[in-house]
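Read off the chains here:
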Amino acid sequence: MITMTTLTETKLINIRRQLHKIPELALHETETHALLMKIIGDLDQTYLTIKQLPNLPTAILVRVSGSSPKRTIGYRTDIDALPVTESTGLSFASENVGVMHACGHDVHMAVALGVLSYFSEHQPTDNLIFFFQPAEESENGGKLAYEQGAFTDDWRPDEFYGLHDNPDLPAGAIGCRMGTLFAGTTEVNVDFEGQGGHAAYPQDANDMVVAAAAFISQVQTIISRSIDPIEGGVITLGKLEAGTIRNVIAGHAHIEGTIRGLTQTMIERIDERLKDVAAGIARSFNAQVNVTLNQGGYLPVENNPDLTKRFITYMKETPTIHFVETEPAMTGEDFGYLLSKIPGTMFWLGVEDESQLHSATLTPKESGIEPGVSAITGFIENRMNA
Ligand SMILES: CC(=O)N[C@@H](CCC[C@H](N)C(=O)O)C(=O)O
């Protein structure tokens, strides 16, 4: 087992708690960025170079120069949070009202800092690039960074790794699979436009609450009737806004949601059917509809066969690591975009909790952090010897 150096387990837990208190939404991670810069700046700088992206100011890249590099290995963590009001009751709960690290990115950052800390003191043979990525939950931070030239010249990894925490796995366990790990997603916005009016005179209005209700139930038939049940897919409409008061018929309804599928073909099929259903509902209600679909960088997360085989073999064969072969998940990740450009592997880190990701009560077990650091550090050491 690799032992942690400067950033000990206790320090990493403390850092995770500090980060947990200051969650920030995609592209607004300024306090988080400042805290990360302070922690990274306090590490031994001998082998480190830091790079910032002028047009993505909350991103941080750190390069660790290898002693006799054969390759450059990338490691990515996401840093943003969600618009969720925390109700964990933790002493270090979010101080930013209505925003929470409800997807565990605070844990991701602590693990990445632990691995970086180790290699800042033990010069790797290969070069390493650590990418602290803004905007995973929305806004395509990975794609934005890539398009802004984050990974050019000396900063281009030959292979890329990244994790997501998983409350369903025992704390510290590593989960992975060959092939597709996560779904691709499309963000959906639908606006129905009709005619508002008095609640007492529906015959003179065109009620968009009723149109939206019809659309919401109809759209689920895409999953049950239009796609192969063995392949599966998800449509979740998480936000609905319509109307102002009980006795005014709403002339406008706005719906936001997300589509998930494990292959690009499946996502595109669901996208097309959703547009058809929206158009059909609009026709039947004599309404106008505007549908916008945006996949951005949320491509399916496809693990590279060779690198992932190597990764799984290491995790399985290391006696101190609890490895779990996992099923594909319908969670999305813009790491899918980076893996479409640079081969690599995404995997899970167990944080064992009854609450699910994106829940207001998510409380990842901090005892997962140290085994996570140890497993990743050990894997990178092993990879460098190949
Ligand atoms: C790991 C995780 O929870 N990721 C998010 C990614 C969001 C994808 C995209 N913005 C969308 O909502 O379609 C997820 O919700 O799976």
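Just so we're clear, the structure is a prediction, and the values are computed from it rather than from any experiment.

## Brief notes about the overall build of the protein chain
Argument step 1. Broken down by element type, the protein chain carries nine helices and 16 strands.
Argument step 2. Once the C-alpha set of the protein chain is aligned to its principal axes, its extents read approximately 75 × 40 × 40 Å.
Argument step 3. Looking at the protein chain as a whole, 46% of its 386 residues qualify as buried.
Argument step 4. Partitioning the intrachain contacts of the protein chain with sequence separation of at least 6 by distance along the chain shows that 81% fall at a separation of at least 24.

## Regarding the packing of helix α5 (residues 208-226) against helix α6 (residues 264-284)
Argument step 1. Direction vectors running N to C along α5 and α6 enclose 145°, while the axes themselves pass 9 Å from each other. The way α5 lies across α6 gives a crossing that is right-handed. Contacts between α5 and α6 involve Ala211, Ala214, Phe215, Gln218, Val219, Ile222 and Ser226 from the former and Ile270, Arg273, Leu274, Val277, Ala278 and Ile281 from the latter.
Argument step 2. Here the contact of α5 with α6 is composed, by residue class, of 10 nonpolar, two polar and one charged.

## Let's talk about the domain arrangement of the protein chain
Interfaces are often described in size by the accessible area the parts lose on coming together.
Argument step 1. Under the domain assignment, the protein chain is made up of domain 1 (9-181 + 301-384) and domain 2 (184-294).
Argument step 2. Of note, the centres of domain 1 and domain 2, computed from C-alpha atoms alone, are 35 Å apart.
Argument step 3. Each side of the interface is counted separately: domain 1 has five residues, and domain 2 has five residues.
Argument step 4. Of the residues assigned to the side of domain 1 that touches domain 2, the class counts are two nonpolar, three polar and no charged.

## Digging into the sheet that holds strand β16 (residues 344-350)
Argument step 1. Spatially, β1-β2-β4-β3-β5-β16-β6-β15 is the arrangement adopted by the eight strands of the open sheet, whose pairing is mixed. In this open sheet, the two edge strands, each paired with only one partner strand, are β1 (48-53) and β15 (323-325). Taking each pair of neighbouring strands and ignoring which way they run, the sheet shows an average axis angle of 25°.
Argument step 2. When strand β5 (residues 159-166) meets β16, the two strands line up parallel, connected through seven bridges.

## What to know about the pairing of strand β4 (residues 127-133)
Argument step 1. The buried fraction of β4 is high, at seven of seven residues.
Argument step 2. Of the two faces of β4, the one lined by Asn127, Ile129, Phe131 and Gln133 and the one lined by Leu128, Phe130 and Phe132 are each fully buried.
Argument step 3. For strand β2 (residues 56-64) and β4, the ladder comprises five bridges, and the chain directions are antiparallel. Bridging from a neighbouring strand, Arg63 pairs with Ile129 of β4.
Argument step 4. Judged from the seven bridges that link them, strand β3 (residues 72-78) and β4 form a sheet pairing that is parallel. For Thr77, the partnering residue across the bridge sits in β4 and is Phe132.
Argument step 5. Handedness of the crossover is the feature at issue here: the chain leaves β3, passes through helix α3 (residues 105-121), returns alongside β4, and the resulting connection is right-handed.

## Examining the sheet that holds strand β13 (residues 288-294)
Sheet strands associate in pairs through backbone hydrogen bonding, adopting either a parallel or an antiparallel arrangement.
Argument step 1. In spatial order, the strands read β10-β12-β8-β13; together these four strands make up an open sheet with antiparallel pairing. Of all the strands in the sheet, the pair left with one neighbour each is β10 (234-242) and β13. Taking each pair of neighbouring strands and ignoring which way they run, the sheet shows an average axis angle of 15°.
Argument step 2. Looking at chain direction, strand β8 (residues 184-193) and β13 are connected through seven bridges and run antiparallel. The residue bridging Asp191 from the neighbouring strand is Asn290, located in β13.
Argument step 3. Against the sheet, α5 makes contact with β8, β10 and β12 (252-261), and its axis sits at roughly 175° relative to β10, the strand it touches most.

Definitions and limits used
Residues numbered from 1 in each chain as written. Predicted model: local features only at pLDDT ≥ 70, side-chain atom pairs only at ≥ 80, totals over all residues. Helix = DSSP H or I, 4+ residues; strand = E, 2+ residues; numbered from the N terminus. Buried ≥ 20, exposed ≤ 12 C-beta atoms within 10 Å, placed from the backbone. Contact = placed C-beta atoms within 7 Å. Axes fitted to C-alpha atoms, helices over the stretch in contact; angles between N-to-C directions. Left-handed = near helix turned anticlockwise from the far one by under 90°. Nonpolar A, V, L, I, M, F, W, Y, C, P; charged D, E, K, R; others polar. Domains from an automatic or database assignment. Pairing = 2+ DSSP bridges. Right-handed = clockwise from strand over helix to strand, strands pointing away.

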